[in-house]
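# Observations on the three-dimensional arrangement
Here are the chains, one letter per residue:
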Amino acid sequence: MPVYLSEQDVERLVSIRDAMTAVEECFRHQGEGRATNEPRRRVRTPEGALHVMFAADQDTGVLGLKSYTTFAGTARFHVLLYSAEDGALLALVEAGRLGQLRTGAASGVATRLLAREDAAVAAVFGTGYQARAQVEALALARNLQEVRVYSRDPERRKAFADELCGTLGLWAFPAGSPEEALDGADIVTTITSSARPVFDGGLVRPGMHLNVAGSNSLLKREVDETAIARADLVTVDSLAAVPVESGDLLGPLQKGLLYPESLVELGQVATGRHPGRTSSEQVTLFKSHGIALEDIVLAARVLEKARERGVGAPVGGP
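These figures come from a predicted structure and were not determined experimentally.

Rules of the game
Residues numbered from 1 in each chain as written. Predicted model: local features only at pLDDT ≥ 70, side-chain atom pairs only at ≥ 80, totals over all residues. Heavy atoms only, no water. Pairing = 2+ DSSP bridges. Helix = DSSP H or I, 4+ residues; strand = E, 2+ residues; numbered from the N terminus. Contact = heavy atoms within 4.5 Å. Axes fitted to C-alpha atoms, helices over the stretch in contact; angles between N-to-C directions. Phe/Tyr/Trp six-rings, centres within 6.5 Å; stacked < 30°, edge-to-face > 60°. Buried < 20%, exposed > 50% of the residue type's maximum accessible area, 1.4 Å probe, protein only. Core = buried A, V, L, I, M, F, W, Y, C linked by side-chain atoms within 4.5 Å.

## A few points about the sheet that holds strand β4 (residues 62-71)
What the seven strands build is an open sheet, ordered β2-β3-β4-β5-β6-β1-β15; its pairing is mixed. Two strands close off the open sheet at either side, each with one partner strand: β2 (35-44) and β15 (313-314). The pairing of strand β1 (residues 3-5) with strand β6 (residues 89-94) spans three bridges and is classified as parallel. Looking across to β6, one finds that Tyr4 is bridged to Leu92. Each of β1, β2, β3 (48-57), β4, β5 (74-83) and β6 is contacted by helix α11 (residues 292-309), which is oriented at about 75° to β3, the strand it contacts most.

## What to know about the packing of aromatic side chains
Enumeration according to the criterion identifies five aromatic pairs in this entry. Look at Phe27 and Phe286: their rings are 6.5 Å apart centre to centre, the planes differ by 85°, and that puts the pair in the edge-to-face class. Placement of Phe27 in helix α2 (residues 16-31) and of Phe286 in strand β14 (residues 284-287) is noted, with a sequence separation of 259 residues between them. Residues Phe27 and Phe286 agree in their burial class; the two are buried. Their ring planes at 40° and their centres at 5.3 Å tell us that Phe125 and Phe199 sit as a pair that is tilted. Of this pair, Phe125 sits in strand β7 (residues 121-125) while Phe199 sits in the loop between β10 (187-190) and β11 (209-212), and the two are 74 residues apart along the sequence. These aromatic residues form a ring-pair network of at least three members: Phe125, Tyr150 and Phe199.

## Structural notes on the nonpolar core
By size, the foremost hydrophobic cluster in this structure holds 51 residues, and its most contacted members are Phe27, Leu81, Val93, Leu98, Leu266 and Leu293. Considering each element in turn, this core owes the most residues, ten residues, to α11. Beyond its immediate sequence surroundings of up to four residues, Val93 is in contact with Leu5, Val10, Phe77, His78, Val79, Leu98 and Ala299. Formed by 27 residues, the second largest nonpolar core is a distinct cluster that contains Ala123, Leu210, Val223 and Val283.

Here it is in structure tokens:
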């Protein structure tokens, strides 16, 4: 019988470390051609929208979909997980926390694969509900010595920096400007809802690694064309998502500042089929759209742990 797993179950059962393991596995499976992912589809009404995305992973033995609604500023997330062997429904998982974890994990995996080994200073743009998982994942990927936090609200960025100091034991401080955040930074992560670039791409320096993770809309972009043009290597979670979701890359692609043939799926780096960073001076960039493959592989890990601990309510009748 399938089980229902709540947000609280997900919170108790898996950590950001578990999420990074699962997400790196899904990228490897994708790079080996043993996983399939389909970009997001959206249906809109005057009051809100339904978003649906789906994937299959042969090695994990699951296929499924993530659906979520956005109405009046409220988002509700669920994953339906099915057996790849017989098509049976395995679980219905509340997926707000799961989405936080997999989004942070994707940036963490990209940082592990692409950032310089000695990268120790991170600049994080954004202090919303996704930001903490981003920093947690970066701290697992590299030995962070310093985290600079920037957002438009001075009080929120100070509160977030204080939280990182208190709960993660990191030296974090609120930067007074994008320039202060980026000066000397090795890893730059954007996780905002901004429709406009959050810093001047002219501030991007050799050796940086950028995680651009806040937007999956053609109408929004967190980094400008200069930042994209300065990147020696641009990776994405899914090539198929780029033309329908990547506002950050659309302009550079249309203007010839970036060529479709130069884009590399992170799965190719995870499998070693692409070398990734080849020098300490290169600028690397990961554009994260957020894909269903990450969701279903992490949901499978949640279900595995739930079965081990006897967690979850049955779905359906006898």
